[in-house]
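Observations on chain architecture
Listed below, chain by chain, are the residues.
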Amino acid sequence: MSDIMPDPWFDTPDEFDLLMTEVPVLTPFATMFAEAEEILAESCLEGFTPENAGRMALDMLPEDEREAALDQLLYTWWSARENDREALARHQAGGAR
C-alpha cells in the first residue's frame, strides 16, 4: 500500500481512503504496456524483455501522449532508485525492513 499524503481536514484516513490507495492508476502508457505484453506473450514464444514491451507501448501511443509516458517512466525509475537507496540505508543501519 502506498503512503497517503496528509490532509488538513482529517487526521486518520477512513476505509474509503485506504481502499483508494490500493487502486492502480491507469494511464495511457500503462494501458498500452499491458497491450504490448499480451501481444509479445502471444508472438514471442522465447520470451521478451521489459524494454521490448516498453518500446512497443511507446510506439503504440498517440504522439501527444508520448511525453507524458516518458515522464511516467522517468518518475518510476527515480522512485525505484530512491526505494533502493532507502532499503540499503535501513540494511546498513541494521534495520530489518
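Below or above, wherever it landed, is the structure these notes cover. Quick caveat, the model's predicted, so the values are computed rather than measured.

**Describing the overall build of the protein chain**
Along the backbone of the protein chain there are four helices and zero strands. The N-to-C order of helical and strand elements in the protein chain reads α-α-α-α. Expressed as a percentage of its 97 residues, the buried residues of the protein chain come to 11%. In the protein chain, 36% of the contacts between residues at least 6 apart in sequence involve partners at least 24 apart.

**Describing the packing of helix H2 (residues 28-43) against helix H3 (residues 50-60)**
Each pair of packed helices can be summarised by the angle the axes make with each other and by the distance between the axes. Across the interface, H2 lies against H3 with an axial gap of 8 Å and an inter-helix angle of 120 degrees. Here H2 lies oblique to H3, going by the angle between them. As H2 runs across H3, the sense of the crossing is right-handed. Across the interface between the two elements, Phe-29, Met-32, Phe-33, Glu-35, Ala-36, Glu-37, Ile-39 and Leu-40 from H2 touch Pro-50, Asn-52, Ala-53, Gly-54, Met-56, Ala-57, Leu-58 and Met-60 from H3. Residue composition of the contact of H2 with H3, grouped by class: 12 nonpolar, two polar and two charged.

**A look at the pattern of salt bridges**
Summed over all chains, the structure comprises three salt bridges. Two residues, Arg-81 and Glu-82, come together in a salt bridge whose shortest N-O distance is 3.3 Å. With a relative accessible area of 27%, Arg-81 lands in the partly exposed category. One network of salt bridges, in which partners are shared, links Arg-81, Glu-82 and Arg-85.

Cut-offs and rules
- The residue numbering used here restarts from 1 in each chain and proceeds along that chain's sequence as written.
- Given that the model is predicted, a residue must reach a pLDDT of at least 70 before its local features are reported, and side-chain atom pairs must reach 80 or more before they are shown or counted; all residues, however, enter totals for whole chains, interfaces and linings.
- As a rule here, side-chain values cover all heavy atoms of the structure and leave hydrogens and water aside.
- In this description a helix means any DSSP run of H or I spanning at least four residues, a strand means any run of E spanning at least two, and both kinds are numbered starting from the N terminus.
- The cut-offs for exposure are 20% and 50% of the maximum accessible area for each residue type, with area from a 1.4 Å probe on protein chains only; residues under the lower value are buried, those over the upper are exposed, and the others partly exposed.
- Any two residues whose heavy atoms approach within 4.5 Å are treated as being in contact.
- In this description, a line fitted to the C-alpha atoms serves as the axis of each element, helices being fitted only across the stretch in contact, and the angle between N-to-C directions of two axes falls anywhere from 0 to 180 degrees.
- The scheme is simple: roughly parallel for angles under 35 degrees, roughly antiparallel for over 145, roughly perpendicular for 65 to 115, oblique for anything else.
- In this scheme the handedness of a crossing depends on how the near helix is turned from the far one: anticlockwise by less than a right angle means left-handed, clockwise means right-handed.
- Basically, the charged four are Asp, Glu, Lys and Arg, the nonpolar ten are Ala, Val, Leu, Ile, Met, Phe, Trp, Tyr, Cys and Pro, and anything else, Gly included, counts as polar.
- We count a salt bridge whenever a side-chain nitrogen from Lys or Arg sits within 4 Å of a carboxyl oxygen from Asp or Glu.

So yeah, pure geometry; function would need other evidence.
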